[in-house]
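This is what each chain is made of:
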Amino acid sequence: MPGITREEVAHLARLARLELKPEELEHFAGQLDDIIGAVARVSEVADQDVPPTSHPLPLTNVMRPDEVRPSLTPEQALSGAPAQEQQRFKVPQILGED
Amino acid sequence: MTTTTDLVSYEDALASYDPVMGLEVHVELGTKTKMFCGCSTALGQDANTQTCPVCLGLPGALPVVNATGVESAIKIGLALNCEIAEWCRFARKNYFYPDMPKNFQTSQYDEPIAFNGYLDVQLEDGETFRVEIERAHMEEDTGKSTHVGGATGRIHGASHSLLDYNRAGIPLIEIVTKPIEGAGERAPEVARAYVRELREVIRALGVSEARMEMGQMRCDVNLSLRPHGTEKFGTRSETKNVNSLRSVERAARFEIQRHAAVLSSGGTIVQETRHFHEDTGSTTSGRVKEEAEDYRYFPEPDLVPVAPSREWVEEIRASLPELPLVRRNRLREEWGVSATDMQAILNAGALEPIVATIEAGADAASARKWWMGELARSANESGKALDELAITPAQVARVTELVAKGDLNDKLARQVIEGVLAGEGTPDEVVDKRGLKVVSDEGALTAAVDEAIAGNPGVADKIRGGKVAAAGALVGAVMKATRGQADAARVKELILEKLGVSEG
């Protein structure tokens, strides 16, 4: 039986930069446990001869030639930026004062 | 911020411990476009002028892999004697950091395109060391951050950061070695020689200029120590982004000394990333390394697998140029020089200038003599690389030609080279302007010889008495009188003739 612990959910939440309250951790741990359990049932029917699928289309080697295509203008690129400065995306302090 | 790090001497460190290294080198490919979109990779453009929905990670944008990027990766893999995957996928490496607007880097995880190879590298004394290659995989570069508000652009103390995504998505190949064991005290030298050889290979393949000072090639140095006689690896540190050959060697050496100090005082090494400082040659603590699973790698659903056909791989293999080590060995044989001499040529950065000079018509010995002698000295004095000197290989070849024809002797040739380096023009122009020509006019020479004999009667007597070696003093006097423009061998003949002595 697969299982996911409350601690693991807290860890994932931290990695995903999600702030979860203690009761939410409990709640999601239960839900995620159900999901993992459901997915795990696939391995009950899929034997070694069934390779994992990472893409729904049976395609390989879709490539493009190394030819330059027009880029966005800086104005277009920055149009969705919450803040900008010197034609650059402005982001909050990256490291805390530790 | 001055924290001193305890070090033990390099010799003491090696007396107790055996270093194990792992080197990760990132090479920025020289493709015209990014790895997954058609944005230009040209350097030095205005901020955010080379971005699109794909490399900005806008919703709904779909990446398509650059065929030349894949081909370059296969070339590198083959040149490093790797196996090429028959089928492999890209993977998402998830992390939150503003240098990647997608919040993941498209990379490869457990299915690298190339794996299981090796690169033979030559050490300073000509000895060969084989570095095993674990893998070479495809990924993409990140954007460039500028940290504002802190001291000297450092991230610490910055109030905010500015992001330019022109570099985000430029193809990178990451080349990872297997643990390098058995190098002992030569570990730092092996690290440097490996990165240099790799750089030569990359350049020979034409897939990147691999200029470390421009960040086109960067090295992470993983290093750990274990007590002599033990098998188990110690805890490693990872010194990031070491950006010159000299720094690679210094970083490895520093870490050996630092680890030894920690371990010998009973401490433990923290597994962490470290930053290398060019000015002091030291490293300082970075962040504690996140565990691999924290990146939550999973197969990239927006890209289909890459499955290079064996025909394509063989086609690429057949098109590979002569690789640097093979070429150097060939040239060494053609020129008839020892391994040590060849290494000296390499260390001096004289290989390409010498090759070009020979191609311009000089004989190998003369080309080597000038580049490794006069020109190396000049480069050394002016603190320049040989290929930065104000003389071209063709000009050096012209000087050797003038010497071969007897128009110049070595002394005059040196003056011609000096003139060219000083910006006085081509070798022929310098010869004209400075009036540098071997005096072959027998009349003028005879007069100078007579004068020298008359001015040095004591020496002349010695020679008459059979002391032929004393003739050197008179040759010197004649050379001085003709301002070095006489043919020294001819002068000696004339002196002996006049004094009635024969050489044998």
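Throughout, a residue's number is its position along its own chain's written sequence, starting from 1. To label them, take the chains in the order written and letter them from A, then take the ligands in the order written and number them from 1. It should be noted that, the model being predicted, local features are given only for residues of pLDDT at least 70 and side-chain atom pairs only at 80 or more, the latter also being counted only at that level, while totals for whole chains, interfaces and linings use all residues.

> Explain the overall build of chain A to me, please; I cannot follow it from the model alone.
Strands are runs of DSSP state E lasting at least two residues, helices are runs of H or I lasting at least four, and both sets are numbered from the N terminus onward. Across its full length, chain A holds 4 helices and 3 strands. From first element to last, N terminus to C terminus, chain A shows the α and β order α-α-α-β-α-β-β. By the compact-globule yardstick of 13 Å for 98 residues, chain A is too spread out, its C-alpha radius of gyration being 22 Å. Projected onto its principal axes, the C-alpha positions of chain A cover 55 × 45 × 25 Å. Using C-alpha atoms as the atom set, the radius of gyration is obtained and then compared with a globule rule of 2.2 Å times the number of residues to the power 0.38.

> How should I be thinking about the environment of Leu43 of chain B in this particular structure?
Residue and element names in this part refer to chain B. Residue position: Leu43 is located in the loop between strand 1 (17–28) and strand 2 (65–66). Any residue with 12 or fewer other C-beta atoms within 10 Å of its own C-beta is exposed, any with 20 or more is buried, and the rest are partly exposed; the C-beta atoms used are placed from the backbone. Given 13 C-beta atoms within a 10 Å radius, Leu43 is considered partly exposed. For Leu43 and Arg167, which are 124 residues apart along the polypeptide, the C-alpha to C-alpha distance reads 8.6 Å.

> Is there a simple way to explain helix 13 (residues 427–434) of chain B in this structure?
Think of an α-helix as 3.6 residues a turn; residues three or four steps apart then line up on the same face. Residues and elements named next belong to chain B. Among all positions in helix 13, only Pro427, Val430 and Val431 are buried. The buried residues of helix 13 occupy one face: seen down the axis, they fall within an arc of 100°. Every exposed residue of helix 13 that faces more than 90 degrees away from the buried side is listed here: Asp432 and Lys433. Note that contacts rest on C-beta atoms placed from the backbone: two residues are in contact if these are within 7 Å. Along its buried surface, helix 13 packs onto helix 11 (393–404) and helix 12 (410–421). At the exit of helix 13 stands Gly435, carrying a positive phi of roughly 65°. In this context, the arc is that of the directions from the helix axis out to the C-beta atoms.

> Help me understand the nonpolar core, please; the structure alone is not making it clear to me.
Most often, soluble globular proteins keep nonpolar side chains buried together rather than apart. Definition of nonpolar core: a set of buried Ala, Val, Leu, Ile, Met, Phe, Trp, Tyr and Cys residues joined via C-beta atoms within 7 Å. One finds Ile76, Ile113, Ala136, Ala191, Tyr194 and Val221 of chain B to be the most contacted residues of the largest nonpolar core, which totals 80 residues. Among the elements that make up this core, the one with the highest residue count is helix 3 (residues 187–205) of chain B (9 residues).

> Teacher, can you tell me more about the packing of helix 14 (residues 442–455) of chain B against helix 17 (residues 488–498) of chain B here?
A pair of packed helices is characterised by two quantities: the angle between their axes and the separation of those axes. Residues and elements named next belong to chain B. Convention adopted: a line fitted to C-alpha atoms gives each axis, helices being fitted over their contacting stretch, and angles between N-to-C directions are expressed from 0 to 180 degrees. Running from N to C, helix 14 and helix 17 cross one another at 60°; their axes reach a closest spacing of 10 Å. As judged from the angle between their axes, helix 14 and helix 17 are oblique. Seen along the crossing, helix 14 lies across helix 17 with a hand that is right-handed. Here Leu445, Thr446, Val449 and Ile453 of helix 14 come into contact with helix 17, specifically with Arg490, Val491, Leu494, Ile495 and Lys498. Its residues assigned to classes, the contact of helix 14 with helix 17 shows 6 nonpolar, 1 polar and 2 charged. Each angle receives one of four descriptions, namely roughly parallel if under 35 degrees, roughly antiparallel if over 145, roughly perpendicular if within 65 to 115, and oblique otherwise. Helix crossings are classified by the rotation of the near helix relative to the far one: an anticlockwise turn of less than a right angle makes the crossing left-handed, while a clockwise turn makes it right-handed. Residue classes follow a fixed rule: Ala, Val, Leu, Ile, Met, Phe, Trp, Tyr, Cys and Pro count as nonpolar, while Asp, Glu, Lys and Arg count as charged, and any other residue, Gly among them, counts as polar.

> I'm lost on the interface of chain B and chain A in this one. Help?
The interface is formed by 41 residues belonging to chain B together with 32 residues belonging to chain A. For the side of chain B that touches chain A, the elements supplying multiple residues, two or more each, are strand 2, helix 2 (67–79) and strand 9 (160–164) of chain B. Per-element tally for the side of chain B that touches chain A: the top contributor is strand 9 of chain B, with 5 residues.

> Sorry, what's going on with the domain arrangement of chain B here?
How big an interface is tends to be expressed through the accessible area that disappears when the partners come together. Boundary definitions for the domains trace back to an automatic or database domain assignment. Taken domain by domain, chain B consists of domain 1 (10–315), domain 2 (348–434) and domain 3 (442–498). Summarising the inter-unit geometry, the C-alpha centres of domain 1 of chain B and domain 3 of chain B are found 66 Å apart.

> Got a minute to help me understand the sheet that holds strand 4 (residues 91–94) of chain B in this structure?
Pairing between the strands of a sheet comes from backbone hydrogen bonds, and it takes one of two forms, parallel or antiparallel. Residue and element names in this part refer to chain B. Strand order across the open sheet formed by 3 strands is 5-4-15, with antiparallel pairing between neighbours. Since the sheet does not close on itself, it has two edges, and those belong to strand 5 (104–107) and strand 15 (298–299), each with one partner. Strands qualify as paired when DSSP identifies two bridges or more between them. The pairing of strand 4 with strand 5 spans 4 bridges and is antiparallel. Note on strand 5: the bridge partner recorded for Lys93 is Gln105.

> Would you mind going over the pairing of strand 11 (residues 217–227) of chain B with me for this structure?
Two faces belong to every sheet, and in a regular strand the side chains alternate between them. Residues and elements named next belong to chain B. The buried count for strand 11 comes to 8 of 11 residues, which makes it a mostly enclosed element. Taken together, the 11 bridges between strand 1 and strand 11 define a ladder with antiparallel strand orientation. Across the sheet, Val20 pairs through a bridge with Ser224, a residue of strand 11.

> How should the sheet that holds strand 9 of chain B be read in this particular structure?
Reading across the sheet, the 4 strands line up as 2(A)-3(A)-9(B)-8(B) and stay open at both edges, with antiparallel pairing between neighbours. Here the strands that pair on one side only, and so sit at the sheet edges, are strand 2 (84–85) of chain A together with strand 8 (144–148) of chain B. Where strand 8 of chain B and strand 9 of chain B come together, 5 bridges link them in antiparallel fashion. In the sheet register, Thr146 of chain B faces strand 9 of chain B, and the bridge partner there is Leu162 of chain B.

> Looking at this structure, I do not really get unusual backbone geometry. What am I missing?
Excluding glycine, residues mostly have negative phi values, and the peptide bonds linking residues are mostly trans. Residues and elements named next belong to chain B. Backbone geometry at Asn48 places phi at a positive 55°, although glycine is not the residue there. For Asn48, the position within the fold is in the loop between strand 1 and strand 2. Looking at Asn48, the number of C-beta atoms within 10 Å reads 27, which means it is buried.

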